[in-house]
Every structure is written in structure tokens, then in C-alpha cells.
Amino acid sequence: MSSGRRDFYEVLGVPRSASQEEIRRAYRGLARKHHPDVSKERDAEARFKEISEAHDVLSDPEKRSAYDRWGPQWREMQQAAAAGAGTGRRPRGRPAGAGGPGPEGVRVEYSDVSSEDLEDLFGDEGVGSIFGDLFRRRGQATGGGGMRGYDQEAIIEISLPEAARGGRRRLRVDGAEVEVEIPPGVIDGQTIRVPGQGSPGLGSGPRGDLLLRVRLLPDSQFRVEGRDLHTDIEVTPAQAALGDTVEVPTLDGRARVKVPPGSSSGRRLRLRGRGLPNPAGPPGDLYATVRIVVPKTLGDEERELYGRLREVERKGGRRRKRAAA
């Protein structure tokens, strides 16, 4: 956000999609913890005030809607909108601020005030008089008489295979179609910058950038830790005891790995370089965790062999007990 103040959702520790009950529950827990009469922290009073302000805004549907739309400037923009109502002007906010899901895997978290919003509220002349000095100062940096638009943030949800191979994706953000290049090897939390696709600038200033924060979707086969992948492989008791070569799923097919003799459940087998690619260094690894699975049904020969094995194990156990005594 463009303001130095913390985001109210962050203050309460709730997502932008939180229900009123979730907001109320989060507020009650934090208020009890940080109340100046209870907390020994030096900044308890300031923290309590911050929590109370966040709750006051987010628990009120009208205030929350304005906050989602305008961010930290919501009070000023609401007042300006009311002042402009007599002129017939109406602010043209973007619906992105609420953080709801967008089409094609995009969730817009927050977007700052655009030049169109300000011009609708104040008119071209009003914008020029209010921001004229700022235009002149910032114009030196932008090469003209305007101010660069704000960067706009969003979340892009992608699958693990798409993160591994990269590719191009056409997205629709705030009603505009944007083509995004997803580099191979992106990881959860990484930001993809799309130049010139953020909020429009003021005056002759350039547009800001679109910042897409990557969120990896859950995968049915792999668990992801950074660039490393984790999966499970099922082996029979005989394979675990005697060792064997088994197949392991990977991002680009299947690989074969040796299960050493005497492997127990939970043993991890490492396949170097078979995790997510890394454009700036070595790729991640793939870890296959052994899970010993006993057959649910046995044939006659298998039942006979397991029976003989059980007798051998019992005799071995009795010998060990006698030796220990």
C-alpha cells in the first residue's frame, strides 16, 4: 500500500474474504491480548488502538466497502465523493480492491486510486491545482509533467506443472486483458512484475506496474518446500526387507529408484535435481518417502510364505530373549 499505515486485514490477521464472524472473533482475541490493562508490552496502548480502528472499519459493511475500494485513503475519498455529489460527479473506483477471485486464476488484493478516479472527483482543473507542484517535481523523473501511476498487486494461482515449465497466460484484471509471461521455476510467494499494467499515471505520467504474487495450487502427487518436491512410494514388506527397484513419479514422467535392503517406513530417498528448476542456480531435489504397505488380500502361496516367515520371526525372538537372559 502507498500509506505507511498497516493494512487493516493484516492488523486483525484475517484474509480479505473473512466473514463478519471471523473479523469479530479475531478482534476479540487480539483485544484481550493487547488491552493496556492486561498487556505488559510498551506499545500495548498504540497496538490496542490500531486493533480497535481496524475492527471499527471492517465490522461496518459500508466502511469496509469503502476501505476495500480506496485503501488507506478511504475516508478522504468518501468525503470527496460526498462533496462531489452536488456536481453530479461519481467516483469510478475499480472493483479490484476487495480481494475477491478474478477470472482465470487471478485474485486482485488491492489497487490504489487511479487518475480517472481523481479526475471524476475533482475534475481536470481540480487535479491540476492540487497536484500541480507534485507533477512538476515528479515530472523530472518521468520526463514529463505527470506522476507515475501506482503499482497494482494481485495473486495469480498456478499449478505445479505450469510453475515448472513456465509459459504464457492471458489474464483479465480490472476489465483489461493482460498477457503474462510465467518464467520456468517460479515458486510460491514469488512476484512476477508486468511493466506498464498497473494504475494509470496522472497527467502525462506512465502507468504503474502489475505485481503478480504466485500462489501454487495443491498438487495431488507432490508436496512443495521451496524448490524441493516430496512424494510417497509404496513398497511391500518383502521389498522393504530385501530391497528392490521401484518407480517414482516426477514432474516429467516417472523415474526408477533403488530401495535399499532393510528400509523402514519413513525412509527418504533423494533424487537430485528432479525438483523445481531454478533459473539462477541448481534445481531442487525430489524426495521419495518409503511407505510399507501390507497386501489386504493374500493368495494361497503368499499366505503360506507369510506364515513360515512368522514362525521364523517367533523362533528368532525366543533365541534373542534366551541370549539376553
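Source: prediction; values computed, not measured.

*Asks:* Go over the side chain of Ser-263, please, and point to the residues and values.
*Replies:* Assignment of secondary structure puts Ser-263 in the loop between β11 (253-259) and β12 (268-271). Look at Ser-263 and you get buried, because its relative accessible area is 4%. A distance of 2.6 Å separates the side chain of Ser-263 from the backbone oxygen of Pro-260, its partner in a polar contact. When neighbours within four sequence positions are excluded, Ser-263 is seen to be in contact with Ala-240 and Ile-292.

*Asks:* Just give me the short version of the nonpolar core, but keep the residues and values in it.
*Replies:* Soluble globular proteins: nonpolar side chains tend toward being buried together. The biggest cluster of nonpolar side chains holds 34 residues, and the ones touching the most others in it are Ile-158, Val-180, Leu-212 and Ile-233. Per element, the largest residue contribution to this core is 4 residues, and it comes from strand β7 (residues 210-216). Excluding its chain neighbours within four sequence positions, the residues that come into contact with Ile-233 are Val-246, Glu-247, Val-248, Val-259, Leu-269, Ala-288, Thr-289, Val-290 and Arg-291. In this structure, Phe-8, Ala-26, Leu-30 and Ala-31 belong to the second largest nonpolar core, which totals 21 residues.

*Asks:* Explain the environment of Thr-236 residue by residue, including any values.
*Replies:* The topology assignment puts Thr-236 in the loop between β9 (228-235) and α8 (237-242). Judged by relative accessible area, Thr-236 falls into the partly exposed class, the value being 29%. Those residues in contact with Thr-236, other than ones at most four positions away along the chain, are Ile-292 and Val-293.

Calculation notes
Residues numbered from 1 in each chain as written. Predicted model: local features only at pLDDT ≥ 70, side-chain atom pairs only at ≥ 80, totals over all residues. Heavy atoms only, no water. Helix = DSSP H or I, 4+ residues; strand = E, 2+ residues; numbered from the N terminus. Buried < 20%, exposed > 50% of the residue type's maximum accessible area, 1.4 Å probe, protein only. Polar contact = N/O pair within 3.5 Å; in protein donor to acceptor, adjacent residues only side chain to side chain. Contact = heavy atoms within 4.5 Å. Core = buried A, V, L, I, M, F, W, Y, C linked by side-chain atoms within 4.5 Å.

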